[in-house]
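A structural walkthrough
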Amino acid sequence: MTRPHLWIRAESRPTEQRVPIVPADAARLIADGFTVTVEESPTRIVPIEEYVEVGCSVAPFGSWVDAPEGAVVVGIKELPEDPSDLQHTHVFFAHAYKGQEGAEEVLDRFRRGGGELLDVEYLTVDGKRVVAFGFWAGYVGAALAVLRHRGLLQGGVGPMTRADLDERLRSSTPEEPERAMVIGSRGRSGTGAVEALAVAGCALTRWDRADTLVLNKPALLDQDILVNCVVSVGKGDAFVTAEDVTTPERRLRVVGDVTCDVTSEANKLPVNTEITTWDEPVRRFGGDDHPLDVIAIDNLPSLLPRESSETFSAELTPLLPDLADRSGPWAASLDWFRRHVHDAS
């Protein structure tokens, strides 16, 4: 069976240190007949030398635009704005199918260039995602929310290790545990959030979809910390609105929005409609006497770049033999692309 040429591009976002395929898995792919090229990167958590040692070729930063015809360009986050026409097959998180800001422009680039998008978010089997950074997104999102509530997140954030993060959580546990709620607790990100809150010693409440069909808003607002990990699909009761900020009986002080669909009509936290950043991770609503702090970072797993890369690569690599004929989960992702490109034309 023909194996495609995998081209691991450097990420254009300066804060992105993750990589979709780690060297150990690249070695397995090469042994299985794949050609793997890795672009040089000033930010990637894994040194380029580790890829060279296992037999990968090296290419300059951003050279994917001139990759051979038929090469599959693999990345994590958004592509740079140039070129305006995309000719290759691209595997990455495009966020282009739920009406997010810039979604139409992304699809237009593929339409003009004749390329193909295989969005990682839509690699599914029986409707369930098979590759994701969700666990680590939930873990970091919940951990940052706890640190903010404890007064330990006052400035910017940057990449760290899980050991360092866990030490900060364990060493700051108060005598009376915080009330913390995870909505979407059974999913990947919810599972990560629950684990982080357990490390932090919080008093945990777990909600899932059934618990939000008839929303118990007083119970939600009676938490100290809310971590939103629910899959946002369509409209429904919002969890926290601008009106809730002024509710006198609100105990809730910190929201960790892991889902982070802030520009979508499916946003369950319409109190906030913009992402927050590593430099300014927290956005405050309400006065200092009764604040509500929201953390809505859209690349949370990059704060634990090595752990999240290793997990992601371990899930993606076994699927790559089916990439050539677009079978298995690749067929589901390709179907999403074809339908939406047609709708956009």
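Scroll up for the structure.
Everything in this summary refers to the structure shown in the same document. (Residues numbered from 1 in each chain as written. Predicted model: local features only at pLDDT ≥ 70, side-chain atom pairs only at ≥ 80, totals over all residues. Heavy atoms only, no water.)

1. With respect to the overall build of the protein chain
The helix and strand tally for the protein chain stands at eleven helices and 14 strands. A globule of 345 residues ought to have a C-alpha radius of gyration of about 20 Å, and the protein chain, at 21 Å, matches this closely. Taken along the three principal axes of its C-alpha coordinates, the protein chain extends 60 × 45 × 35 Å. In the protein chain, which comprises 345 residues, the proportion classed as buried is 54%. Accessible surface computed for the protein chain: about 15000 Å², of which carbon and sulfur atoms make up 49%. (Helix = DSSP H or I, 4+ residues; strand = E, 2+ residues; numbered from the N terminus. Rg over C-alpha atoms; globule rule 2.2 N^0.38 Å. Buried < 20%, exposed > 50% of the residue type's maximum accessible area, 1.4 Å probe, protein only. Areas by Shrake-Rupley, 256 points an atom, 1.4 Å probe, with all protein chains shown as cover.)

2. Digging into the state of the cysteines
By definition, a disulfide links two cysteine residues through a covalent bond between their sulfur atoms. Considering all chains together, one arrives at zero disulfides under this definition. There is no disulfide at Cys 202, and the cysteine sulfur nearest it, in Cys 229, is 13 Å away. A relative accessible area of 13% places Cys 202 in the buried class. (Disulfide = S-S within 2.5 Å.)

3. So, the packing of helix α4 (residues 134-149) against helix α5 (residues 162-170)
Direction vectors running N to C along α4 and α5 enclose 35°, while the axes themselves pass 10 Å from each other. Judged by the twist between their axes, the crossing of α4 over α5 is left-handed. Note on element contacts: α5 touches α4 through Arg 162, Leu 165, Asp 166, Arg 168 and Leu 169, opposite Trp 136, Tyr 139, Ala 143, Val 146 and Leu 147. Split by residue class, the contact of α4 with α5 holds seven nonpolar, no polar and three charged. (Axes fitted to C-alpha atoms, helices over the stretch in contact; angles between N-to-C directions. Left-handed = near helix turned anticlockwise from the far one by under 90°. Contact = heavy atoms within 4.5 Å. Nonpolar A, V, L, I, M, F, W, Y, C, P; charged D, E, K, R; others polar.)

4. Topic: helix α1 (residues 23-31)
Taken residue by residue, α1 has Pro 23, Asp 25, Ala 26 and Leu 29 as its buried positions. Buried positions in α1, seen along its axis, are confined to an arc of 155° and lie on one side of it. Exposed side chains of α1 directed beyond 90 degrees from the buried face belong to Arg 28 and Ala 31. The secondary structure elements touched by the buried residues of α1 are β1 (5-8), β2 (35-39), α2 (48-53) and α10 (305-316). Phi for Gly 33, located one or two positions after α1, is positive at around 105°. (Arc of directions from axis to C-beta.)

5. Side note on the sheet that holds strand β5 (residues 89-92)
With respect to topology, six strands assemble into an open sheet ordered β3-β2-β1-β4-β5-β6, the strand pairing being parallel. Of all the strands in the sheet, just β3 (57-59) and β6 (116-119) have a single pairing partner and so form its edges. The sheet shows a mean angle of 25° between the axes of neighbouring strands, taken without regard to direction. Examined bridge by bridge, β1 and β2 share four bridges and lie parallel to one another. (Pairing = 2+ DSSP bridges.)

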